[in-house]
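# A look at the structure
Single-letter residue listing:
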Amino acid sequence: MRSSDPSRRRFLTLTASAATLTAIGLPAGAAAASPAARPVREPDFGPNVFVYDPSTPVEEIQSTLDRLFTAQENNEMGFDRYAVLFKPGRYEVNARLGYYTTVAGLGAHPDDVEIHGAVRVIGQPDPNSPAGISALTNFWRSAENLAVTPTDWSNQWAVSQASPMRRVHIKGVLWLEPGNGGYSSGGYIADSKVDGITINGSQQQWLTRDSELGGEWTNGVWNQVFSGVVGAPAQGFPDPPYTTLPTSPVTREKPYLFVDGAGRWRVAVPRLRRDTAGTTWGTGAAPTPSLPLTDFFIARPTDSAKRINTELARGRHLLLTPGVYRLDRALRIRRPNTVVLGLGMPSLAPTTGDAALRIEDVDGVRVAGVLVDAGPVESEVLVEVGGRHSHRSHATNPISLQDVFFRIGGPYAGRAVTSLVVNSRHTLIDNIWAWRGDHGREGTIGWTVNTAATGVVVNGDDVTAYGLFVEHYQRWQTIWNGERGRTVFYQSELPYDPPSQAAWRSPTRNGWASYKVAPHVRTHEAWGLGVYAYFNQGVDIRCDRAIEAPRRAGVRFHDAITVFLNGSGGIERTINEVGTPVVGSYGTSPVVSYP
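Conventions we followed
- Residues numbered from 1 in each chain as written.
- Predicted model: local features only at pLDDT ≥ 70, side-chain atom pairs only at ≥ 80, totals over all residues.
- Heavy atoms only, no water.
- Buried < 20%, exposed > 50% of the residue type's maximum accessible area, 1.4 Å probe, protein only.
- Helix = DSSP H or I, 4+ residues; strand = E, 2+ residues; numbered from the N terminus.
- Arc of directions from axis to C-beta.
- Contact = heavy atoms within 4.5 Å.
- Core = buried A, V, L, I, M, F, W, Y, C linked by side-chain atoms within 4.5 Å.
- Pairing = 2+ DSSP bridges.
- Polar contact = N/O pair within 3.5 Å; in protein donor to acceptor, adjacent residues only side chain to side chain.
- Axes fitted to C-alpha atoms, helices over the stretch in contact; angles between N-to-C directions.
- 1 Å grid on protein atoms, 1.4 Å probe; cavity = no way out; pocket = protein on both sides within 12 Å on 5 of 7 lines; lining within 4 Å.
- Points joined across faces, edges and corners; volume = space filled by probe spheres on them.
- Nonpolar A, V, L, I, M, F, W, Y, C, P; charged D, E, K, R; others polar.
- Phe/Tyr/Trp six-rings, centres within 6.5 Å; stacked < 30°, edge-to-face > 60°.
- Lys NZ or Arg CZ within 6 Å of the ring centre and 35° of its normal.
- Salt bridge = Lys/Arg side-chain N within 4 Å of Asp/Glu carboxyl O.
- pLDDT = per-residue confidence, 0-100.

## As for the pairing of strand E18 (residues 223–227)
Most of E18 is tucked away: five of the five residues are buried. Alternating residues of E18 divide into Asn-223, Val-225 and Ser-227 and Gln-224 and Phe-226, and every residue in both groups is buried.

Now the structure itself:
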């Protein structure tokens, strides 16, 4: 890593009394102190984190970016992870992102780091795509907290799931497809601004949340959702397929790493907001509370779960540096307001059948930027939020999960009954991809190999989810048992590989609904849901309904669609008894409102 640039600009940091910080759910140490006279010691993030400042020769930076892209371009099921971090200043570079790579700025404001060139993701060769190129497997990478001025005609971000763009200012055109109509299946943008037009192109679905669009959003395919987006297209589902919410009901942005005006490393911990639209960092925005990085245990993949738990029990926050953490026991978060922040897509991989992460029913825990891989010994659950009988209110300071991704199979033959169980009330789920793998290394994928019943189970009341992607599980993909739940954007593919209808039949009907609201639930609401079928075993497999919910006035759905992608069989109804069959050949069945 390079030392901080002594000529960099100084940045506004938040100073507040201990009483003020406590009132918003943060410890007294969360305020930035006045600049210190002593030299700042640079943190050691290990060999897979590259930190640059404007004094670094551009050739050195570009060489690193090119080397990482070459290594990671096709390393879909590999074990290497990287982060490239830019201190405030201007950089003329072309950053192409491969798998498990994060490029992020270290400014207090996105415009503090100016990339003149690109931070981009390109398509991959795909003989099954009409264009010979697609982005269907461009997973597990991210861009955060910087500004990009494209030196080409656009900044291309051709991604699918688990590839978020957060807190980014695109000073030009944003292009979301791989080109020439090649297939793509994204995607997620939050707290970002695009000055020019956004070309959605072939993106099947997309969620844009609390952002600003300065130009036109050009088109849509099946399910484009805008929540709290200034400049969003008007509501139009199903033609055009836009679901537009003027505000987001309750949000809290993801924590992020930055360097303050005195050169000290800190982690921003954004406030809870309600009924919001636009970015958190626009003109007139209040400074963001932050914590000193010295309050964090900076973990390495070689650290044991016991060591990490000891540091958490001491009251330290946790920063996970890039790599794979093989855990013989769950990481346990017991203290309120604990921050767990991943850098460079680190993986948590349980090895003994325990969970990867268990969070007590306490206020204000934030978990962000991690990938959870099921291990060879079946886990009952991979991440559990709160205990089974959690009833405490967290309305003013909820637990949040952001950019937390789950994988069953792929790098190895993992097994887990349920990936995520949310028991705590008021939890915020913000961009989750729970994926039972449909492809991977040899011997890691199969109906009896990478077994997983359900992706997400929500038992807590008053839980809000933005960007819920849940795919290929063997029973219900998502089960919602809590009251007053809200989902803004849902995307799901049913499992590809049921060997027979008898092997894939729920207690009451053919197949298992993707999104199930329990019969006892009185109040629930969801916007922008897409459920797709591709049964590829050459067997006529039917799913009686994509969404199953009690029919009552308090349980409401807006803008849901089913799609037959390919293969055999299909989906008979969209919601309960409503919708038309999508069976045997390409077709869609939109439902604008239910009941």
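After that view, the rundown keeps rolling.
## Some details on helix H3 (residues 305–313)
Looking only at H3, the buried set comprises Ala-305, Ile-308, Asn-309, Glu-311 and Leu-312. An end-on view of H3 places all buried positions within 160° of arc, on one side of the element. Set apart from the buried face of H3 by more than 90 degrees, the exposed residues are Lys-306 and Ala-313. Residues of H3 that are buried in the fold lie against strand E25 (296–299), strand E26 (317–320), strand E27 (324–327) and strand E28 (331–333). Positive phi shows up at Gly-315, right after H3, with a value of about 100°.

## Section: the nonpolar core
Core analysis: the largest hydrophobic core is formed by 81 residues, its most contacted members being Leu-318, Ile-359, Val-367, Phe-406, Leu-468, Tyr-515 and Phe-557. It is strand E42 (residues 524–535) that contributes the most residues to this core, five residues altogether. Ignoring sequence-local partners within four residues, the contact set of Phe-557 consists of Tyr-515, Val-517, His-524, Ala-526, Leu-529, Ile-547, Ala-549, Ile-575, Val-592, Ser-593 and Tyr-594. Counting 35 residues, the second largest nonpolar core, distinct from the first, contains Val-103, Ala-143, Met-165 and Trp-217.

## A short note on the pairing of strand E33 (residues 379–385)
In terms of burial, E33 is a largely internal element, six of the seven residues being buried. For strand E31 (residues 357–359) and E33, the ladder comprises three bridges, and the chain directions are parallel. Bridging across to E33, Leu-357 finds its partner in Val-383.

## Overview of the environment of Gln-235
Position of Gln-235 relative to the elements: it lies in the loop between E18 and strand E19 (242–245). Taking the C-alpha atoms as reference points, Gln-235 and Val-259, separated by 24 residues in sequence, lie 40 Å from one another. In this structure, Gln-235 is in contact with Tyr-242, Thr-243, Thr-244 and Asp-559, ignoring residues within four places of it in sequence. Side-chain polar atoms of Gln-235 contact the backbone oxygen of Tyr-242, separated by 3.5 Å.

## Quick word on the sheet that holds strand E24 (residues 290–292)
With antiparallel pairing, three strands are arranged side by side in an open sheet as E21-E22-E24. Edge strands, defined here as strands with exactly one partner in the open sheet, are strand E21 (256–259) and E24. Here the average twist between neighbouring strands, direction ignored, is 35°. As paired strands, E21 and strand E22 (residues 265–268) are joined by four bridges and run antiparallel to one another. Its bridge partner being in E22, Val-259 is matched across the sheet by Trp-265.

## Thoughts on the sheet that holds strand E12 (residues 174–175)
One open sheet holds the three strands; their spatial order is E10-E12-E15, and the pairing between them is parallel. Each having just a single partner strand, strand E10 (155–156) and strand E15 (198–199) make up the two edges of the open sheet. With two bridges joining them, E12 and E15 adopt parallel strand pairing. In the sheet register, Leu-174 faces E15, and the bridge partner there is Thr-198.

## Description of the layout of surface pockets
The space that makes up the largest pocket amounts to roughly 830 Å³. As for the largest pocket, its lining consists of 32 residues, of which Leu-136, Tyr-183, Gln-204, Glu-493 and Tyr-496 are closest to the centre. Of all the secondary structure elements, the ones that give two or more residues to the lining of the largest pocket are strand E7 (124–125), strand E36 (428–436) and strand E45 (555–567). Per-element accounting of the lining of the largest pocket gives the leading share, three residues, to E45. Of the residues contributing to the lining of the largest pocket, the split by class is 13 nonpolar, 14 polar and five charged.

## Observations regarding the packing of aromatic side chains
In total, this model carries 26 aromatic pairs according to the counting rule given. Ring centres of Tyr-99 and Tyr-100 lie 6.1 Å apart, and the angle between their planes is 40°; this geometry places the pair in the tilted category. There is no split in this pair, since Tyr-99 and Tyr-100 are both buried. Among the aromatic residues, those joined into a ring-pair cluster are Tyr-99, Tyr-100, Phe-139, Trp-140, Trp-433 and Trp-435. Positioned above the aromatic ring of Tyr-100 is the side chain of Arg-81, whose terminal nitrogen or guanidinium carbon lies 3.9 Å from the ring centre. The aromatic ring of Tyr-466 is capped on one face by Arg-209, whose charged end is 5.6 Å from the ring centroid.

## As for the pattern of salt bridges
Applying the stated criterion across every chain yields a total of 34 salt bridges. Lys-87 serves as the salt-bridge partner of Glu-42, at 2.8 Å between the closest nitrogen and oxygen. Here the residue Glu-42 occupies a position in the loop between helix H1 (18–23) and strand E1 (49–52), and Lys-87 occupies one in the loop between strand E2 (82–86) and strand E3 (89–91), the gap between them amounting to 45 residues. According to the relative accessible area criterion, Lys-87 is buried, its value standing at 1%. Among the ionic pairs, Arg-484 bridges to Asp-461, the shortest N-O distance being 3.9 Å. Of this pair, Arg-484 sits in the loop between strand E39 (478–480) and strand E40 (485–493) while Asp-461 sits in the loop between strand E37 (454–458) and strand E38 (464–471), placing them 23 residues apart in sequence. You can call Arg-484 partly exposed: its relative accessible area is 39%. A relative accessible area of 24% means that Asp-461 is categorised as partly exposed.

## Overview of empty space enclosed by the protein
Evaluated as defined, the whole model comprises six cavities of 30 Å³ or more. Approximately 180 Å³ is the volume attributed to the largest cavity. Lining the largest cavity are 20 residues, and of these Thr-102, Glu-144, Lys-254, Gly-342 and Leu-343 lie nearest its centre. Put simply, the parts of the chain that give the lining of the largest cavity at least two residues each are strand E5 (101–105), strand E9 (141–150), E21, strand E29 (339–342) and strand E34 (400–408). Looking at the lining of the largest cavity residue by residue, the class counts come to ten nonpolar, seven polar and three charged. Elements with a contribution of two residues or more to the lining of the second largest cavity: E9 and strand E11 (165–170).

## Comments concerning the confidence of the model for the protein
Close inspection of predicted coordinates is inappropriate in any region flagged by low pLDDT. Here the protein shows a mean pLDDT of 94. Residues at 70 or above account for 93%. Across residues 1–24, where pLDDT falls below 50, the model places 60 contacts with residues more than four positions away in sequence or in other chains. When the criterion is pLDDT under 50, residues 31–37 qualifies, and its contacts beyond four places in sequence or with other chains add up to 19 contacts.

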